[in-house]
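Examining the three-dimensional arrangement
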Amino acid sequence: MYKNLAATLVAACFFLSAAQAQIPAQSPGKLTEPIKAGFVYVSPITEAGWTKQHDEGRKAVEKALGDQVKTTFVADVAEGADAERVIRDLAQQGNQIIFTPSFGYMEPTLKVAKDFPNVKFESVTGFKTAPNVSASNARYYEGRYLAGIAAGRMTKSNVAGYVAGFPIPEVLQGINAFTLGMRSVNPKAIVKVVWLNAWFDPPKEREAAMALFNQDVDVIAFHTGSTAVMAAAQERGKMAVAYHSDMRKIGPDAQIIAVTHQWGEYYTARVKAAMNGSWTSGSVWGGVKDGMIRVGDFGPKVPKNVQDEILAKQKLVGSVKLLPFAGPITDNEGREILPAGQSLSDAQILGMNYLVQGVQGKVSR
């Protein structure tokens, strides 16, 4: 996950689509012994959430490659010095490819990579690369836009809530896309944001959700690492958009839709490439089109016509016929961001530092 606004702005120069990155997907040749792949996780593996999805990606690698691969993971590793120690340890243990899915792991990954030039490193949500370090991330905002349509169709109060970690571009993209999607079908809708300044703090996430429910919010979204917001929505009889994972086990009545991250195909392709010698450094920013982002997992409250509408629009997003950040776009302070007939470039999306019209809240600059 991201933690630094200034650094993220630089990312605009680096990301390509998954198709442009030309990820090798050919079958690996025979090896005398299995390739060793290491994974480092920023939080514990819970039943749903950011880390859960990356661990599902690891399991997909095992399923696809069987006895040709041996995976290892270390969970709940703090960003910074702890991360460097763990990444270095995995390299010393003979892992030939190491996945580090958290923005705060980027610099430690680059540092360790210099000392292990024969090891391949995958910096997930990082943007800096090196000869043996590749970068990747997903267009989460595409799923957020579609989830916003669901929220716009389902709300009765026309007030949505959003529990958010830090006001950095990736999170702002999500809030803005959600709001634009919601208001595309319900122009009266507004979105109230609570900033946590934390990625994973279940008690704080729950408290923020409860506070929003006390302010006429009847549907809520979140950009945090646990299932606490979904659980709060279930408890209060409200609706919620799941993020990272399907959370219907936690909110069987609350969940209306889930925005899920799908890492298995990408991780498997990269391990195969390391096995057959075709691995190269590069930058990937994949979305619905690339199978890295998906919406679905509808809850029982969502009528079939709404489900059909969202799935149809997901196909349009995947074919690039529907762009979440198409004009006109105005920020919530009344400034024109983009006129009608235009769409934001990748550089503009990656450098996003404002909230759109319809969002109640501010971005600290």
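Presented here is a report on the structure given in the accompanying data block. (Residues numbered from 1 in each chain as written. Predicted model: local features only at pLDDT ≥ 70, side-chain atom pairs only at ≥ 80, totals over all residues. Heavy atoms only, no water.)

1. Examining the overall build of the chain
Stated formally: Here a helix means four or more residues in a row that DSSP labels H or I, a strand means two or more in a row labelled E, and each is numbered from the N terminus. Here the globule rule reads 2.2 Å times residues to the power 0.38, and the radius of gyration is calculated from C-alpha atoms. Burial here depends on accessible area, computed with a 1.4 Å probe over protein chains only, as a share of the maximum for the residue type. Under 20% is buried, over 50% is exposed, and the range in between is partly exposed. Note on definitions: a residue-residue contact is assigned when non-hydrogen atoms from the two residues lie within 4.5 Å. The accessible surface values rely on the Shrake-Rupley method and a 1.4 Å probe; as for residues, cover is taken only from the protein chains in view.
Assigned secondary structure in the chain consists of 12 helices and 15 strands. Taking 2.2 N^0.38 as the reference for a compact globule, 365 residues should give roughly 21 Å; the C-alpha atoms of the chain span a radius of gyration of 20 Å, in line with that estimate. Principal-axis analysis of the C-alpha atoms gives the chain an extent of 60 × 40 × 40 Å. Out of the 365 residues belonging to the chain, those deemed buried represent 57%. For the chain, contacts bridging at least 24 residues in sequence account for 69% of all contacts bridging at least 6. When the accessible surface of the chain is split by element, carbon and sulfur atoms take 50% of a total near 14,400 Å².

2. Topic: the pairing of strand S2 (residues 69-74)
In plain terms, the rule: When DSSP finds two or more bridges between a pair of strands, those strands are recorded as paired. Note on handedness: a crossover is taken as right-handed if, strands pointing away from the viewer, the path from the first strand over the helix to the second is clockwise.
Here strand S1 (residues 35-40) runs beside S2; their pairing, made up of 6 bridges, is parallel. Its bridge partner being in S2, glycine 38 is matched across the sheet by threonine 72. With helix H3 (residues 50-65) bridging S1 and the parallel S2, this β-α-β connection has right-handed handedness.

3. A short note on the nonpolar core
Stated formally: Only buried residues count toward a nonpolar core. Its members are Ala, Val, Leu, Ile, Met, Phe, Trp, Tyr and Cys residues joined through side-chain atoms within 4.5 Å.
Judged by nonpolar contacts, the single largest core of 100 residues is most densely connected at Phe178, Ile220, Ile256, Ile257, Val271, Ile310 and Phe325. Residue contributions to this core peak at 9 residues, all from helix H6 (residues 140-154). Among residues more than four places away in sequence, those in contact with isoleucine 310 are Leu146, Ile149, Ala150, Ile257, Val295 and Phe298. Counting 19 residues, the second largest nonpolar core, distinct from the first, contains Ala83, Tyr105, Leu110 and Phe116.

4. A closer look at the packing of aromatic side chains
Operational definition: Only the six-membered ring of Trp is used, alongside the rings of Phe and Tyr, when aromatic pairs are assigned; centres must lie within 6.5 Å, and planes under 30 degrees apart are stacked while those over 60 apart are edge-to-face, with the rest tilted.
In the structure shown here, the tally under the stated rule is 13 aromatic pairs. Seen in terms of ring centroids, tyrosine 141 and tryptophan 285 are 5.9 Å apart; in terms of plane orientation they differ by 55°. Their pairing is tilted. Separated by 144 residues along the polypeptide, tyrosine 141 in helix H6 and tryptophan 285 in strand S11 (residues 283-286) bring together distant segments of the chain. Judged by relative accessible area, which is 5%, tyrosine 141 ranks as buried. For tryptophan 285, a relative accessible area of 1% gives the class buried. Pairing tyrosine 266 with tyrosine 267 gives two aromatic rings, centres 6.2 Å apart and planes at 55°, and the pair type is tilted.

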